[in-house]
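Understanding the architecture of this molecule
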Amino acid sequence: MAKMIKSPNIVNSFNEWDPLEEIIVGRVDGAVVPYLTREFKTFAKPEYWEFFKQYGGKPYPKEMLNKGKEALDNLQKTLEDEGVVVKRPEVIDFSKTYKTLYFESCGFNSGNVRDCLMVIGNEIIESSMAYRCRYFEFEAYRELIKEYFKKGAKWTAAPKCSMSNELYDQDFPVDDPKKCEELILSGRYITTEFEPCFDAADFTRFGRDILVSRSLVTNNFGIEWMRRHLGPEYNIHVVRFLDNSPMHMDTTWVPIGEGRVLTCPDRPCLDKHILDMFIRSKWEIITPPAGLCPPEIPLHLTSRWLSMNILMLDENRVVVEASEEPTIKFFKNLGLKPITVDFKHFFPFGGGLHCSTCDIRRKGTLKSYFIN
Ligand code: DAV
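Now for a quick tour of the structure. (Residues numbered from 1 in each chain as written. Predicted model: local features only at pLDDT ≥ 70, side-chain atom pairs only at ≥ 80, totals over all residues. Heavy atoms only, no water.)

**Here we look at helix α5 (residues 142-150)**
Put simply, the test is: Three exposure classes are used, based on accessible area relative to the maximum for each residue type with a 1.4 Å probe and protein chains only: buried under 20%, partly exposed in between, and exposed over 50%. The way it works is that DSSP assigns letters per residue, a run of H or I at least four long becomes a helix, a run of E at least two long becomes a strand, and they are numbered from the N terminus. Summarising the geometry, the arc corresponds to the directions from the helix axis toward the C-beta atoms. When checking whether two residues touch, look at their non-hydrogen atoms; a contact exists if any pair is within 4.5 Å.
Among all positions in α5, only L144, I145 and Y148 are buried. The buried residues of α5 occupy an angular sector of 95 degrees when projected down its axis, which confines them to one face. Taken together, the buried residues of α5 touch β1 (20-25), β2 (85-87), β5 (117-120), β6 (123-126), β7 (154-157) and β17 (357-362). Positive backbone phi, at 120 degrees, marks G152, one or two positions downstream of α5.

This is the structure:
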């Protein structure tokens, strides 16, 4: 093995707001439109199902792809201009069909790093993703992770899902979006408890306290895996929001520094004990303005609340999409410095500024921010 220069702090991040030093920014090179499988139907917006039927298994239309790439390159440049080291994943050809013991699929993209990887302290954890089109997404990050490991980071891959039929509720009414929403609100999801599954973006890090939600892709089994894996140093709080399509916490409950969290007005927190924990610990719970998202951008997979899917460079600088003027003004009024980036053309690939990144190193240590 190559000579290892170990620095345990090459990977170091405990929350969403300590000063950012190094980050991974995703890629859409090689991106493929997923097939509209049963589980993907509960994620893709019904008004765009036709798009997935037309392009499923094929590369994204060239113009969309080029604009998506440009958006990610814009983000890289903006972050580098702010003094952050940016790493990018390998290019993967997601159009290749793969076959496991249980299913056959093609891939998706490696744009949404935040779903696939989680950094807790000096450990990189690969998620146990729940969609068949995302089975091999981790491959895009392996070269980077090997390098971080050689430099001293811890590296864990959560138990990989079989993604056999048992992981998906075969009676879930995927063709009836209204019924799906009702079931979800009653606590039933397309993913079962057959095996642990989770996307890293369903977890939000507040130092020793980590919030997590049951979502379309994170089940209770996956949450329990994480709780035992991290052990007694961390408190994992399961939190519920009023959300008929829960998919990641980073457009719902978003910390912007010690003592301040954004709450999405369309998806209020339903757990009084969690709200009490924030209030008792003197956190301000702030409602941001609605996202605009220019109408020409097709939001295949997400809501307009990507406006609050922001990236904190520290407690003062916040990276925001350049067209989201109300949000930019809102941050200025809070005394923050918005760093704007033309990023909207990445939105169709499933995420915003937070989704498309994974912080590798922030200057800071493990702390408690709550009176539990
Ligand atoms: O608001 O539709 C998008 C978050 C994806 N990481 C939403 C959730």
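**Notes on the sheet that holds strand β10 (residues 235-238)**
Inclusion rule: Should DSSP find at least two bridges between two strands, the strands are regarded as paired. Fitted lines through C-alpha atoms serve as axes, helices being fitted only where they are in contact, and the angles separating the N-to-C directions of these axes extend from 0 to 180 degrees.
Across the sheet, which stays open at both edges, the 3 strands sit in the order β8-β9-β10 with mixed pairing between neighbours. One side of each edge strand has no neighbouring strand; the edge strands of this open sheet are β8 (203-206) and β10. Averaged over neighbouring strand pairs, the angle between their axes works out to 25 degrees when direction is ignored. As judged from the 4 bridges shared by strand β9 (residues 209-212) and β10, these two strands associate in the parallel manner. The partner of I210 across the bridge, within β10, is I236. The sheet contacts of helix α7 (residues 220-230) involve β8, β9 and β10, and relative to β10 the element is tilted by about 165 degrees. Packing of helix α8 (residues 272-280) onto the sheet brings it into contact with β8, β9 and β10, and relative to β10 it is tilted by some 130 degrees.

**What to know about the pattern of salt bridges**
The test is simple: When a carboxyl oxygen of Asp or Glu is within 4 Å of a side-chain nitrogen of Lys or Arg, the pair counts as a salt bridge.
Counted under the stated rule, the structure contains 35 salt bridges. Where K67 meets E63, a salt bridge forms, and the shortest distance between an N and an O atom there is 3.0 Å. With K67 and E63 both in helix α3 (residues 62-81) and 4 residues apart, the pair spans about one turn of that helix. Under the relative-accessibility criterion, K67 is labelled partly exposed at 33%. A salt bridge links D81 to K77; the shortest N-O distance between them is 2.8 Å.

**Some thoughts on the sheet that holds β2**
One open sheet accounts for 3 strands, arranged β2-β1-β17; its pairing is mixed. Either end of the sheet is taken by a strand with one partner, and the two such strands are β2 and β17. On average, each strand axis in the sheet is tilted by 25 degrees relative to the strand beside it, whichever way the strands run. Here 5 bridges tie β1 to β17, and the two strands are oriented antiparallel to one another. Bridging across to β17, E22 finds its partner in R361. Of the strands in this sheet, β1, β2 and β17 are in contact with α3, which crosses β1 at around 170 degrees. In the packing of α5 onto the sheet, the strands contacted are β1, β2 and β17, and the crossing angle to β1 comes to about 150 degrees.

**A word on the side chain of T357**
Along the chain, T357 turns up in strand β17. Apart from the residues lying within four places of it in its own chain, the contact partners of T357 are I23, I24, V25, L75, V113, R114 and L311.

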